[in-house]
Every structure is written in structure tokens, then in C-alpha cells.
Amino acid sequence: MVRKECPKCTRSSYSSGTREVWNCPVCGEDLTAYPSLRAISYYELNQSIRQSAYHHSPK
Ligand SMILES: [Zn+2]
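Note that the coordinates shown come from a computational prediction; the quantities given were computed from them, not determined experimentally.

**Description of the sheet that holds strand E1 (residues 2-5)**
Read from one edge to the other, the open sheet built from 3 strands follows the order E2-E1-E3, with strand pairing classed as antiparallel. Edge strands, defined here as strands with exactly one partner in the open sheet, are strand E2 (12-15) and strand E3 (37-38). Both E1 and E2 contribute to a ladder of 4 bridges, which runs antiparallel. In the sheet register, Arg3 faces E2, and the bridge partner there is Tyr14.

Encoded structure:
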């Protein structure tokens with residue numbers, strides 16, 4: 001999942017993949033040329049790594 005942040009209205013929009021055309025759902029700004037960001041935050045990523053490490057570690 002990827003995210004783009006609109007430079008015009010600063011709202012984020014999400015997509016499950018790469019779109020050919022990506023318009024801001026709020027103001028209609030063309031975001032196609034803007035770089036896509038990871039939708040998952042660093043904190044969430046860190047948490048999922050910890051959880052998977054926990055599940056795989058022997059007791
Ligand atoms: Zn916008």
C-alpha cells in the first residue's frame with residue numbers, strides 16, 4: 001500500500017498499488033508526478049518486526 005500527500009491541501013490519499021493517474025480525492029490536484037510514500041509508519045513497521053520476532057523465537 002502506498003500513500004501520497006497532496007501539496008495543495010496536505011491531505012493523504014492511499015492506493016493499493018501504482019496507478020497511472022493519481023488525482024487527489026479532496027481537491028483534484030494531479031499527484032501522478034509526486035513520489036509515493038509508504039503507507040505504513042516507521043512505528044507500525046517496527047511493531048510488526050517485533051511481533052514476528054516474538055512469534056518465531058523459542059521459549
Ligand atoms: Zn488535494
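**A few points about the confidence of the model for the protein chain**
Predicted coordinates in regions of low pLDDT should not be interpreted in detail. Confidence along the protein chain averages 81 in pLDDT terms, with 73% of residues attaining 70 or more. Confidence, read as mean pLDDT per element, is least for helix H1 (residues 42-56) in the protein chain (69) and greatest for E1 (90).

Cut-offs and rules
Position labels on residues start from 1 in each chain and follow its written sequence. Local features are withheld for residues below a pLDDT of 70 in this predicted model, meaning they are given only at 70 or higher, and side-chain atom pairs are given and counted only at 80 or more; totals for whole chains, interfaces and linings count all residues. Criterion used throughout: strands pair if DSSP finds at least two bridges between them. The numbering of helices and of strands both runs from the N terminus, where a helix is a DSSP run of H or I of at least 4 residues and a strand a run of E of at least 2. For every residue, the predictor states its confidence as a pLDDT score lying anywhere from 0 to 100.

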